[in-house]
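An overview of the molecular structure
Now for the letters of each chain:
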Amino acid sequence: MTTRVRPVEALLGVALVGLALLFVRHYVSIEHPAYIWDWGGYYDIYRRFSRLLASDAGAFWTALQSSVAYDNYNAAPVVPILPVALLFEEGRSPFVAAIVVVYLIPASLLMGLLARRALREAKVELGRLESCLLLFMSLAFFPIWPSALRGMPDSVALIPLGLATLILLRTDFLRRASLVQALQIGLLVWCAFLLRRWYAFACLGLLSASALFCLISVLRSPERSVSAIVRPALLHILAGLVIVACLAVVQRPLALEILRTSYADIYAGYQVAFPTQFWILWVRLGTPLVALFAIGLLLAAMARNTTILFCTLAGVLAHAGFIRTQSPSIQHTLPLFFWMFPAIAYGVVVPIQGMARSFAWPSAALAATFFASAFLASFLPGPRAALSSLTFLYPAHPILPLQLENYDEYRRLVSDLQTQTDAKDQVGVFASSEVLSDALLRVLDPASADRFAIVSQVDLVEGLRLAPLRARYAVVTTPPTIHMQPEFQHVITLPAESIATGTGFGAAYRQILGPYRLGATIEAFVFERQRPLTDADIAEIGTSLRAIYPNWTLDGTERIRAATVQ
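This report concerns the structure included in the present document. Since this is a predicted model, take the numbers as computed values, not measurements. (Residues numbered from 1 in each chain as written. Predicted model: local features only at pLDDT ≥ 70, side-chain atom pairs only at ≥ 80, totals over all residues. Heavy atoms only, no water.)

Describing the pattern of salt bridges
Working definition: two side chains of opposite charge can pair if their charged atoms are close together. Scanning all chains against the criterion turns up 21 salt bridges. For the salt bridge of R47 with D44, the shortest nitrogen-to-oxygen distance reads 2.5 Å. With R47 and D44 both in helix 2 (residues 38-55) and three residues apart, the pair spans about one turn of that helix. Note on R47: relative accessible area 23%, which makes it partly exposed. Assessed through its relative accessible area of 37%, D44 is described here as partly exposed. The closest approach of N and O atoms between R470 and E558, which form a salt bridge, is 2.7 Å. With R470 in helix 23 (residues 467-470) and E558 in the loop between strand 6 (552-554) and strand 7 (559-562), the pair connects residues that are 88 residues apart, well separated along the chain. Within the structure, one salt-bridge network assembled from shared partners comprises D422, K424, D425, R472, R510 and E528. (Salt bridge = Lys/Arg side-chain N within 4 Å of Asp/Glu carboxyl O. Helix = DSSP H or I, 4+ residues; strand = E, 2+ residues; numbered from the N terminus. Buried < 20%, exposed > 50% of the residue type's maximum accessible area, 1.4 Å probe, protein only.)

Shown next as structure tokens:
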């Protein structure tokens, strides 16, 4: 299948990329630098590896190999955009713009190619109007933008995943594939995992859907010989062996860790009930897109449109696998939304293409207006407020630029820590939310980042680190701020409550600064330890935690945790 790009489409594409760059620059310019956890993790890796590349190429390569082999958040996703850091320094705006231009836009174009394939399979004639509308919808498809705007490069893995999807469709799910194409599928699927390990579920979903559609294709074919079944089966197995070989050679330590770890257990705190999972998808898409998806899927099912049915199954299998482990964050819905787009586009373009031109142009303009307004209302406070009477049409939870409530209070807290505490002593921050955390104070005061001890956030993931409790200073909030259910964050709430109330081991602290009103009902305080942490304190903490987790113990690495926690 060849795709001819009209000059008007090329001009529209260039204009939309330019608008995307202007949008990113404005979006980042009105943010507070509250880039914590996933919002700042890859930004830090990007800056660290760009400096290493500029100073020592050999050390860069060694560090990259080690990161790919061992790290859950490995450095591979930032490598293609490191030239941006070398050309434009390490600013946040160039970083996010690079993610959008190098990863998100190519992924969007691949998404559009899948939709175009589905429409051509249905014998839909794509004229200039339909082609331009499809291009606009794919680039303005707001559900896949949030993670990029938050500085997460996860959309990069959609590129190999999308290419693998196209090859599977073009080869009739490897029934008509060459040996090279089977090898390509294996490499592309492994690349998706290499770039972001949680894409393992998307990889399994894609290959499982391919195997099923291959079987259906064989059963529907007049040729039902043994070779017609065995050959594509062997090619699927070959693709799987390529994936296993790549894992064994390049990522063996990480692969073994994954096999040993029960992520459903350690991420239990991130899990919610299935009805809530479904509602999360609905509010991220918005009612109009859900309706368009349902319409497109129904039309595709009636027409037996293989492209849409295959993409939908791959997306459903991928998402169903993932949500057994945890509730999806904004990046984790990328594969599902990517594979849903062909059905959504089908639900828009097919009705418009069947209209008379006098109705088609206004209808296309209405569709483009919806996508444009939904995009702006999803990400910018001004348009969101201006369209407040129509919010039922747009996603219920917009991803607005990061803004800290009472930002001046944060600045006062940082200033007081700089001027009224001893800079050589450590600070433990016993809070774990977007309102306050050790990560937040590090990004608000980067010059003093090393002062802030790494504080455990989630019980079953990290256990309780003792180093923050040994720190001279402690920052706590009342009430304690956490980002999940309290039963999964005792490592935050237990120290915070003891220090704030001066009970138990918290009696060793004295309040020296505060309050700082960080929110309508949240205040922060700074405490100073009056004596060192004692063995009796550690025993008391251990007793409290063992009442919740009987197998927790001091493990010899300055942590209280279960021996099975990695």
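Side note on the environment of S131
With respect to the helices, strands and loops of the structure, S131 is situated in helix 6 (residues 128-139). A residue is classified by how much of its surface remains accessible, and S131, at 0% relative accessible area, is buried. Taking the C-alpha atoms as reference, S131 lies 36 Å from Y43; in sequence the two are 88 residues apart. Discounting chain neighbours no more than four positions away, the residues touching S131 are R6, E9, R116 and L126. (Contact = heavy atoms within 4.5 Å.)

Some words on the sheet that holds strand 1 (residues 427-430)
Sheet architecture is open: four strands sit in the order 1-3-5-4, paired in mixed fashion. In this open sheet, the two edge strands, each paired with only one partner strand, are strand 1 and strand 4 (509-517). Strand after strand, the sheet turns through a mean of 20° between neighbouring axes, direction not considered. Sheet topology places strand 4 next to strand 5 (residues 523-529); six bridges connect them, and they run antiparallel. Counterpart to L513 in the pairing with strand 5 is V526. (Pairing = 2+ DSSP bridges. Axes fitted to C-alpha atoms, helices over the stretch in contact; angles between N-to-C directions.)

Quick word on the nonpolar core
General note: in soluble globular proteins, nonpolar side chains tend to be found buried as a group. Membership of the largest hydrophobic core comes to 157 residues, with the highest contact counts inside it found for W145 and W339. Per-element tally for this core: the top contributor is helix 5 (residues 92-121), with 16 residues. Setting aside chain neighbours within four positions, we find W145 in contact with A20, F23, V100, L104, L139, F375 and F379. F525, L533, I560 and A562 belong to the second largest nonpolar core, which has 24 residues in total. (Core = buried A, V, L, I, M, F, W, Y, C linked by side-chain atoms within 4.5 Å.)

Here we look at the side chain of E130
Relative to the helices and strands, E130 resides in helix 6. Beyond its immediate stretch of four places on either side in the chain, E130 contacts E125, V349, Q353 and R357.

With respect to helix 17 (residues 334-353)
Taking 1.5 Å per residue, 20 residues should reach 28 Å; helix 17 reaches 28 Å between its end C-alpha atoms and fits that length. Summarising burial for helix 17: 17 of the 20 residues are buried, a large majority. (Expected span 1.5 Å × (residues − 1).)

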